[in-house]
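As a plain string of letters, each chain reads:
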Amino acid sequence: MACRSVSAVMDEQALLGLNPNADAPYRQRALAYFEQLKESQDAWEVCADALAKGVYSDDHVKFFCFQVLEHQIKFRHAALSAAQQQLVRETLMKWLQTQLMNAQPEKAFIRNKAAQVFALTFVMEYLTLWPEFFFDILSLVGLNPHGVDVYLRTLMAVDAEVVDRDIVHTPEETRRNTLIKDSMREQCIPSLVESWFQILTAYQQSQPELTCQCLEVVGAYVSWIDLNLIANDRFVNLLLSQMSMEDLREEACDCLFEIVNKGMDPVDKTKLVESLCQVLQSAGFFNVEQEEDVDFLAKFSRLVNGMGQSLVLSWTKLVKSGSVKEAAETLHAVEAKVPLLLQLLVHEDDDISANMVGFCYDYLHVLKQLPQLTQQQKANVEAVMLAVMKKLTYDDEYNFENEGEDEAMFVEYRKQLKMLLDRLAQVSPELLLEAVRRVFTATMQTWQTAPFMEAEVAIRLLYMLGEALPASHGAHFSGDAAKTSALQDMMRTLVSCGVSSYQHSSVSLEFFETVVRYDKFFIVEPQHIPSVLMAFLDHRGLRHNSPKVRSRVAYLFSRFIKTLHKHMTAFIEDILTRIQDLLELAPPENGFPALLTSDDQLFMFEAAGVLIVSGDSPVERKQVLMRSLLAPLMDAFRLLLAKLLQESVEERQAALADCLSHAVGFASRTSKAFSNKQTVKQCGCTEVYRDCLHSFLPALSCPVQRGALRSAVRSFLHRMIICLEEEVLPFVPAASEHMLKDCEAKDLQEFIPLISQITAKFKRQVSPFLQQIFMPLVLAIFEVLGRPAEENDQTAALEKQMLRRSYFAFIQTIAGSGMNEVMANQGAENMERVLFTIIQGAVEFPDPVAQKTCFIILSRLVELWGGKDGMVGFPDFIYKHIVPACFLAPLKPTFDLSDAQTVLTLSECALTLKMIHLKRGSEFIQFLQHEYLPSLQVAPEISQELCQVLQQPDVKVLKNYIKAFFQRAKL
């Protein structure tokens, strides 16, 4: 035996490092020793020897030995000699034999690792060297509990290696695993099943843990073995008897669930489920209200759900195949489970209830497909509705102020119930509408005395109808008269019954959410707007004592105003007065918490802007109102900026910069109120926004907190380009000059879209400015891209990649806007430098997004300058650089033709070649055939083929050909 050549001595000093409490040097030595044993051809045999002879009592050393063995089997099995492979088998069996004689079992982590090693050996050797694997183990362990334990753990480890679908396998491993399963079915599965039966019978009283392990094994294997081996009287009766044993019932339930879940013929599946149900029912398991063990009920509800879903699936298959009689029988079986479904769905434990959602959803889907419902089915639908309404209700323990894991789980559960409600609406919208109306009306009549959870769920149900009952663009108050009048009645009740004063945050929130969901109601009945506005503006809404409510209401208020602005004319100035204090910029040094956060205030400013712009006031009044809204921001900005320039403490600087950014953001948000119908100019507000620009732009030259301030002002400029039109242009050169000083990659990356926006919007108007800024901007980009960075600095590399993309996008905007003079007037040297960066971007950098942009630019430049009357010297550039780029880029190893983005780049590359042919004609074809393609060693017949395709009018043919051309070239 190979082992005999090695004296079974291990490095004792290194082994000391295996102890978790060992010092670092020992731990490093242990690690080095592990590597040495792993890589050596035979040094690992000392570990096998130590395991077989039980040399060490230290658990960490035993685990270490198994790890070394595991590595040999997993990664070096083919390299082991026959004697070494034999040694592995002998070691495992000797170790297993030792377990039978030990008074105490090994620690669980060692048994699990041993099982993994057994399983790996099985996978490597079962089909060739060790077909008797399981028979050898079974004949050795018999019914010895320690041996059975390792046997069962090994079976689970084999399942993980061979069957588990969650583990990704290579095609080769998948083929091997299929062969293993086929061989096991033929050779050993009946014996394994017999052993499971013996274990379950022998140990159900004395060793519940082993029995549960065995039940888990049966559940795992049942999905791919012959079901008749398990789904027979003796096995099912045994499982059912174990359903009554406290220690075993949960695992027995899981095992039955796996049996029910097995894919099979629909008629057989119905028979199996029905026979199982019959036995469970006669054994009293369906009397769930008498069961107090919620853990068991959670498992049992999962089993019932599995049975229900299996029956529905069988019904679907039978209907599809036209088996009318069998389908009717299966539907009858489904219906018979509904009373149990309802009992479990309304169970007070949400986990038990949640387990039934799948079956319930599927059952409702079945009803939806039936031509008409029987009285019993209608009663079932109503019962499901009542169950859902009941279970949507919060319980007393729900913590609204500090929501934790339990609360998050309930929110998830509510989403599942909402799915049921939506499905109910599809089955019978009339029934749902009527049921909700009944609950809602009854609760609203007595809201003063109703517990908060009842008031909340009643309003919540009304809210949920909005999604459950279809309506295009929220038009719930036109069309179907029955639905419209029911919803209108409920909305009228909601806004007039006084429930908005309910003293609980959940009811307040639900009230405002529902008012905004059905905001179109107020177009039909505008008389309710004043009372709802008051609710928004007082202690019920924006001044509620809960910050969570105030925050959400700020957002909802802006939505309410935006939808109903035409109905607000009479209230505009009153609303603006009432919200004035909520529009104040909270200074950083103020110790009092503001009612609204700065994010909430954005919505308030937007709402204020909408009120001013959309009202019927004369232009002069709008001007005054907008100035009174924005002037305090400008004043505060000037003061805070002066403070910032004097402040030396960085923390205070950051707080001031934050506040300045908010001021700019608020002003920016008001501009969202303008539209094509109501422009800044038409509303007489040009001057006040120009004043804002005058106030905000000095922040660009502030030497501290540059990033935050530049970002805020840049965003404001983006908005002003849209709103102020050419009025913004005088401000752009100075702003740009400041933003190009001392910039980082991120600053430039964010500045380029601003210039691109100006270019695309104003085109020729800004040509002189662009000619002036073009090279400073390009040079700033080159300077940042040229800065050295750490080799493994991912962030810096990504920032540079994004900046490169932005740079090419900028060039594309200029070329695409037809302003070739911007680039042409930069002087020959600068022009050449820019062109070379585009060639480099197309070929050198493996970034298909940037490459695609570069080819678009090249194509456009060929179109502009590549013709007979184009730029002097450009045809030469086409042949020397652009044509080679079109071939060299796709030939790069990094150019992955299986990647969708790269294929788009290749399309642009093909279009560039097409554009060159369009501009240069036969001269280009001659160049390709006689000079360029021969230099790439392209065969003459392929050259000719490519040139013929290039001359065809259909671009699609060219794109497909080019892809095939490069796929062949890369083989």
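Structural data are supplied above this passage.
Computed from a predicted model, the values in this text were never measured in an experiment.

Asks: When you look at the packing of aromatic side chains in this model, what are you seeing that I'm missing?
Replies: Aromatic ring pairs are described here by two measures, namely the spacing of the ring centres and the angle between the planes. One pass over the full model with this rule turns up 50 aromatic pairs. Here Phe122 and Phe133 contribute two aromatic rings whose centre-to-centre distance is 5.0 Å and whose plane-to-plane angle is 55 degrees, an arrangement assigned as tilted. On the criterion of sequence distance, the pair formed by Phe122 in helix H6 (residues 108-125) and Phe133 in helix H7 (residues 133-141) is long-range, its members being eleven residues apart. When sorted by exposure, Phe122 lands in the same class as Phe133, which is buried.

Asks: How should the layout of surface pockets be read in this particular structure?
Replies: Gaps left between atoms are located by rolling a probe of water-molecule size over the structure's atoms. Put simply, the largest pocket is a space of about 620 Å³. Around the largest pocket sit 21 residues that line it, and Glu348, Asp350, Asp395, Asp406 and Phe410 are the ones nearest its centre. Those elements that provide at least two residues to the lining of the largest pocket are helix H17 (350-354), helix H19 (375-391) and helix H20 (405-427). Sorting elements by how many residues they give to the lining of the largest pocket places H20 first, with seven residues. Of the residues belonging to the lining of the largest pocket, the class tally is eight nonpolar, two polar and eleven charged. Space inside the second largest pocket adds up to approximately 480 Å³.

Asks: What am I meant to see in empty space enclosed by the protein here?
Replies: Counted under the stated rule, the structure contains one cavity of 30 Å³ or more. By volume, the largest cavity is sized at about 30 Å³. In terms of lining, the largest cavity is formed by Val843, Glu844, Phe845, Pro846, Gln851, Ala889, Lys892, Thr894 and Phe895. Of the residues that constitute the lining of the largest cavity, the class distribution is five nonpolar, two polar and two charged.

Asks: Explanation requested: the pattern of salt bridges in the structure shown.
Replies: Proximity of charged atoms lets side chains of opposite charge pair with each other. Under the defined criterion, the tally for this structure stands at 53 salt bridges. The partner of Arg920 in a salt bridge is Glu923, with the nearest N and O atoms 3.0 Å apart. Here the salt bridges do not stand alone but share partners, grouping Asp59, Lys62, Glu106 and Lys107 into one network.

Asks: I keep staring at the side chain of Ser500 and nothing clicks. Help me out?
Replies: Within the secondary structure, Ser500 sits in the loop between helix H23 (481-496) and helix H24 (505-517). Judged by its relative accessible area of 9%, Ser500 falls in the buried class. Residue contacts for Ser500: discarding those within four places in its chain leaves Phe511, Ala535 and Arg540.

Asks: Any chance you could explain the packing of helix H4 (residues 59-76) against helix H5 (residues 82-101) here in plain terms?
Replies: Relative placement of two packed helices is described by the angle separating their axes and the distance separating the axes. Close contact between H4 and H5 brings their axes to 12 Å; oriented N to C, the two are set at 145 degrees. Relative to H5, H4 is oriented so that their crossing is left-handed. In contact with Phe66, Leu69 and Ile73 of H4, H5 contributes Val88, Thr91, Leu92 and Trp95. Its residues assigned to classes, the contact of H4 with H5 comprises six nonpolar, one polar and no charged.

Rules behind the numbers
- Residues numbered from 1 in each chain as written.
- Predicted model: local features only at pLDDT ≥ 70, side-chain atom pairs only at ≥ 80, totals over all residues.
- Heavy atoms only, no water.
- Phe/Tyr/Trp six-rings, centres within 6.5 Å; stacked < 30°, edge-to-face > 60°.
- Helix = DSSP H or I, 4+ residues; strand = E, 2+ residues; numbered from the N terminus.
- Buried < 20%, exposed > 50% of the residue type's maximum accessible area, 1.4 Å probe, protein only.
- 1 Å grid on protein atoms, 1.4 Å probe; cavity = no way out; pocket = protein on both sides within 12 Å on 5 of 7 lines; lining within 4 Å.
- Points joined across faces, edges and corners; volume = space filled by probe spheres on them.
- Nonpolar A, V, L, I, M, F, W, Y, C, P; charged D, E, K, R; others polar.
- Salt bridge = Lys/Arg side-chain N within 4 Å of Asp/Glu carboxyl O.
- Contact = heavy atoms within 4.5 Å.
- Axes fitted to C-alpha atoms, helices over the stretch in contact; angles between N-to-C directions.
- Left-handed = near helix turned anticlockwise from the far one by under 90°.

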